[in-house]
Amino acid sequence: MTPQMIAQLIAFILYLGLMVFVGIKQAKDNNSASDFFLGGRKLGPWVTALSAEASDSSAWVLMGLPGLCYLGGFKETFWTALGLIAGTYLAWLIIAKPLRKCSVAFDDAITIPEFLSKRFNDKSKVLSITSVLLIVFFFTIYTASGFVACAKLFRSVFGLNWYAGLAIGFVIILSYTILGGYKAVCTTDFIQGTLIFAAFIVSGIVIVVSLGGVGNAVSQVQTFTEKALNGDFGESLVKTFTNNKTFTPMSAISAFSWCLGYFGMPHIIIRFMGCRSNKEIKTARRVGITWMIIAYIGTFIIGTLGTAYLYKHGIILGANAEEVTAQGITALGSGTQEAVFSETMIRMFPAFIAGIFLCAILAASMSTADSQLLTASSAIGQDIFKGFIKKDATDKEVLLVSRISVFVIAVVGALLSLNPNSSIFGLVSQAWAGFGGTFGPIIILALYWRGTTAAGAIAGLIAGAATDIIWQNLHGGIFDVYEILPAFIVCLIVTIAVSLFTKKDEEVLAKFDAYKKMED
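Cut-offs applied
Residues numbered from 1 in each chain as written. Predicted model: local features only at pLDDT ≥ 70, side-chain atom pairs only at ≥ 80, totals over all residues. Heavy atoms only, no water. Helix = DSSP H or I, 4+ residues; strand = E, 2+ residues; numbered from the N terminus. Buried < 20%, exposed > 50% of the residue type's maximum accessible area, 1.4 Å probe, protein only. Contact = heavy atoms within 4.5 Å. Axes fitted to C-alpha atoms, helices over the stretch in contact; angles between N-to-C directions. Parallel < 35°, antiparallel > 145°, perpendicular 65-115°, else oblique. Left-handed = near helix turned anticlockwise from the far one by under 90°. Nonpolar A, V, L, I, M, F, W, Y, C, P; charged D, E, K, R; others polar. Patch = residues over 30% accessible without salt bridge, like charges linked within 9 Å, V, L, I, M, F, W, Y side chains within 5 Å. Areas by Shrake-Rupley, 256 points an atom, 1.4 Å probe, with all protein chains shown as cover. Salt bridge = Lys/Arg side-chain N within 4 Å of Asp/Glu carboxyl O. Phe/Tyr/Trp six-rings, centres within 6.5 Å; stacked < 30°, edge-to-face > 60°. Polar contact = N/O pair within 3.5 Å; in protein donor to acceptor, adjacent residues only side chain to side chain. Core = buried A, V, L, I, M, F, W, Y, C linked by side-chain atoms within 4.5 Å. pLDDT = per-residue confidence, 0-100. Arc of directions from axis to C-beta. Expected span 1.5 Å × (residues − 1).

Enquirer: Break down the overall build of the chain for me, citing the residues and quoting the values.
Expert: When helices and strands are counted, the chain shows 20 helices and two strands. Expressed as a percentage of the 520 residues in the chain, the buried residues total 60%. At a minimum sequence separation of 6, the contacts of the chain that also span at least 24 residues come to 83%.

As structure tokens, this is what we get:
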């Protein structure tokens, strides 16, 4: 092992040790299910905001989107980021405060399935079961993307075997999530969000300066793109750059429709429920949206200028060595474009500093995977075990079942990550569409339309999930639109239609009216 790798390893060990320490420290505060799943609703605006955004902006912000940019997908990245920023702002504006109030008004619900069940007084428990199944299904896919990111990072930095990198990420994420629960997840997310923020600002400035300023940087990127289109880097890159160059209005609509995901993403909106007070939501919104804008600017800079920066250092990503005709160039192989951030950091900073900033990728992976594991396990422990299997279960028993669930879901997610050619962006895209197209319309209607019924919500969830899964497997014409959009529309229409023709629950209507009269 080289001195450079040793310095980077020390940085990783220090960082990972801090994350586990936080989990151990927070474990003593978990005296109830509410503490473990929602932190007792005691978190301030800064922790709430950075935790929400860090858990949202997983490794695909530092690996998936920059990788797309690297291969000439600037337009798709731009419209996706624009949609995500718009979705973030709207979720904080129209979901955060009403959801916190409504979850309190309806018997202090602490999970999303529990909130939906209580909001609609679903005595059949069908709504709760459907919600849990969908959450576990989509989160298992989403969690897999975090493990893939860990494996790619350790392979890029230390040359580790794919499975060894996967195992390290699995153990670390699992340990502090099981130990510390919601407070540990949010505290580590706050640290990780701060690290990601710093990494983007510093590296963005350094890469522009190192390329001779904005004008020279843009010129060098254009030269790289021309060489790629001319076939200097192989036929696979010619095809990719050509496809990304033909960006249609339909492609823009698909990319922007990512904004719909924020209304139904359980691991994000649960942060709104855990905020200390309604009055602090505005502060959290401002902090969160500022973080998002800076982060996505960093994504563009690293992903786009990384082409010229790495080429200057004799490195080409996403291409096979046997296809590259340019002299003095090392091609790292197909699929490596998602390592543009890590490869850039390694060459940009001294080893230890690079190691600290590379931890930002690990931070992004961990901050999302831990939130997803916690949210999915809370659905199993609180809504399935206590809701059906043992209604008189103690908080201690619920916590035990939830911690076992964290382990099981993580294992399945890790199994889905065994393929070294897995795409972070592709995995996230599938899960994001699933949540946005199913839970998004239900959450909005639950907060704003008193006439929504349990039957309508159940029908909407099923219709949205079915549309999402079917649409993913259809191609050509209108079916090239990102599946989140048709799933969201179908779920919304079906929920409204079924609710109009089903009987209203007077008890639910009374509670809804009381919630609307609650002070902010």
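Now that the structure has been shown, we can carry on.
Enquirer: I'd like to hear about the packing of helix H7 (residues 126–158) against helix H18 (residues 454–472), residue by residue, with values.
Expert: Contact geometry of H7 with H18 gives a least axis separation of 9 Å together with a crossing angle of 25°. Judged by the angle between their axes, H7 and H18 are roughly parallel. The crossing of H7 and H18 is left-handed. Residues Val-126, Leu-127, Thr-130, Ser-131, Leu-134 and Phe-138 of H7 form the contact with H18, whose participating residues are Ala-457, Ile-458, Leu-461, Ile-462, Ala-465 and Asp-468.

Enquirer: Summarise the packing of helix H17 (residues 424–448) against H18; cite the residues concerned and give the values.
Expert: In a pair of packed helices, the angle between the axes and the distance between the axes together describe the arrangement. Put simply, H17 and H18 touch, their axes get as near as 8 Å, and they point 155° apart. By the criterion of interaxial angle, the relationship of H17 to H18 is roughly antiparallel. Both H17 and H18 take part in a crossing whose hand is right-handed. Of the residues in H18, those touching H17 at Gln-430, Ala-433, Gly-434, Gly-437, Thr-438, Phe-439 and Ile-442 are Ala-457, Gly-460, Leu-461, Gly-464, Ala-465, Asp-468 and Gln-472. For the contact of H17 with H18, the class distribution of residues is six nonpolar, seven polar and one charged.

Enquirer: Can you break down a nonpolar patch on the surface residue by residue, with the values?
Expert: Judged by side-chain polarity, Leu-400, Ile-404, Phe-407, Val-408, Val-412 and Leu-416 come together as a nonpolar surface patch covering roughly 530 Å² of accessible area. Secondary-structure assignment places Phe-407 in helix H16 (residues 395–416).

Enquirer: Give a detailed account of unusual backbone geometry, specifying residues and quantitative values.
Expert: You will see that Asn-121, though not glycine, has its phi angle at about 50°, which is positive. Locating Asn-121 in the fold gives a position in the loop between helix H6 (112–119) and H7. For Asn-121, a relative accessible area of 22% corresponds to the partly exposed category. In the Ramachandran plot, Lys-125 falls in the positive-phi region, its phi being about 70° despite a non-glycine side chain. Along the polypeptide, Lys-125 turns up in the loop between H6 and H7. When its relative accessible area of 29% is taken as the criterion, Lys-125 is described as partly exposed.

Enquirer: Lay out the packing of aromatic side chains in plain terms, naming residues and giving numbers.
Expert: Scanning the model with the defined rule gives 23 aromatic pairs in all. Taken together, a centroid distance of 5.7 Å and an interplanar angle of 65° make the contact between Tyr-70 and Phe-224 edge-to-face. On the criterion of sequence distance, the pair formed by Tyr-70 in helix H4 (residues 59–70) and Phe-224 in helix H9 (residues 214–229) is long-range, its members being 154 residues apart. Phe-224 matches Tyr-70 in its accessibility class, with the two residues each being buried.

Enquirer: Got a sec to walk through the pattern of salt bridges? Specific residues and values, please.
Expert: Two side chains that carry opposite charge are able to pair once their charged atoms sit near each other. Evaluated as defined, the whole model comprises four salt bridges. Here Arg-347 makes a salt bridge to Glu-343, at a shortest N to O gap of 2.7 Å. Within this pair, Arg-347 and its partner Glu-343 are both found in helix H14 (residues 340–348), separated by four residues, close to a single helical turn. The exposure class of Arg-347 is partly exposed, given its relative accessible area of 30%.

Enquirer: How would you summarise the side chain of Thr-438 if you had to cite specific residues and measurements?
Expert: Mapped onto the elements, Thr-438 comes out in helix H17. When its relative accessible area of 0% is taken as the criterion, Thr-438 is described as buried. Only 2.6 Å separates the side chain of Thr-438 from the backbone oxygen of Gly-434, close enough to count as a polar contact. Those residues in contact with Thr-438, other than ones at most four positions away along the chain, are Leu-134, Leu-461, Gly-464, Ala-465 and Cys-491.

Enquirer: How would you explain the environment of Gly-387 if you had to name every residue and give the values?
Expert: Looking at the secondary structure, you find Gly-387 in helix H15 (residues 351–389). Accessibility expressed as a relative area gives 18% for Gly-387, which makes it buried. Remark: the alpha-carbon pair of Gly-387 and Ile-129, spanning 258 residues in sequence, is separated by 9.5 Å.

Enquirer: An account of the nonpolar core is needed here, citing residue identities and associated values.
Expert: Proteins that are soluble and globular tend to have nonpolar side chains buried together. Counting 135 residues, the largest nonpolar core has Phe-115, Leu-116, Phe-272, Tyr-296 and Trp-432 as its most contacted members. In terms of residue count, the dominant contributor to this core is H7 (17 residues). Not counting residues within four places of it along the chain, the set of residues in contact with Phe-115 comprises Leu-99, Cys-102, Ser-103, Ala-109, Ile-443, Ala-446 and Leu-447.

Enquirer: Explain the environment of Leu-400 to me, using residue names and the numbers behind them.
Expert: Here Leu-400 is to be found in helix H16. Taking C-alpha positions, Leu-400 is 8.1 Å from Gly-381, a pair spaced 19 residues apart along the chain.

Enquirer: Any details on the confidence of the model for the chain? Residues and values, ideally.
Expert: Residues with a pLDDT of 70 or more make up 85% of the chain, whose mean pLDDT is 81. No element of the chain has a lower mean pLDDT than helix H2 (residues 33–38), at 48, and none a higher one than helix H19 (residues 484–500), at 96.

Enquirer: Run through helix H11 (residues 249–256), naming residues and quoting values.
Expert: Within the span of H11, buried status applies to Ala-252, Ser-254 and Ala-255. An end-on view of H11 places all buried positions within 160° of arc, on one side of the element. Structurally, H11 contributes buried residues whose contacts are with helix H5 (74–105).

Enquirer: Describe in detail H7, supporting the description with residues and values.
Expert: Here H7 spans 48 Å end to end across 33 residues, near enough to the 48 Å set by a 1.5 Å rise per residue. Taking burial as the measure, the 33 residues of H7 include 27 buried ones, the bulk of the element. Following H7 by one or two positions, Gly-159 has its phi on the positive side, about 70°.

Enquirer: Describe the side chain of Ser-128, and please don't skip the residues or the numbers.
Expert: Among the secondary structure elements, Ser-128 is positioned in helix H7. For Ser-128, the contacting residues outside a window of four places in its chain are Pro-113, Ser-117, Asp-122, Asp-383 and Phe-388.

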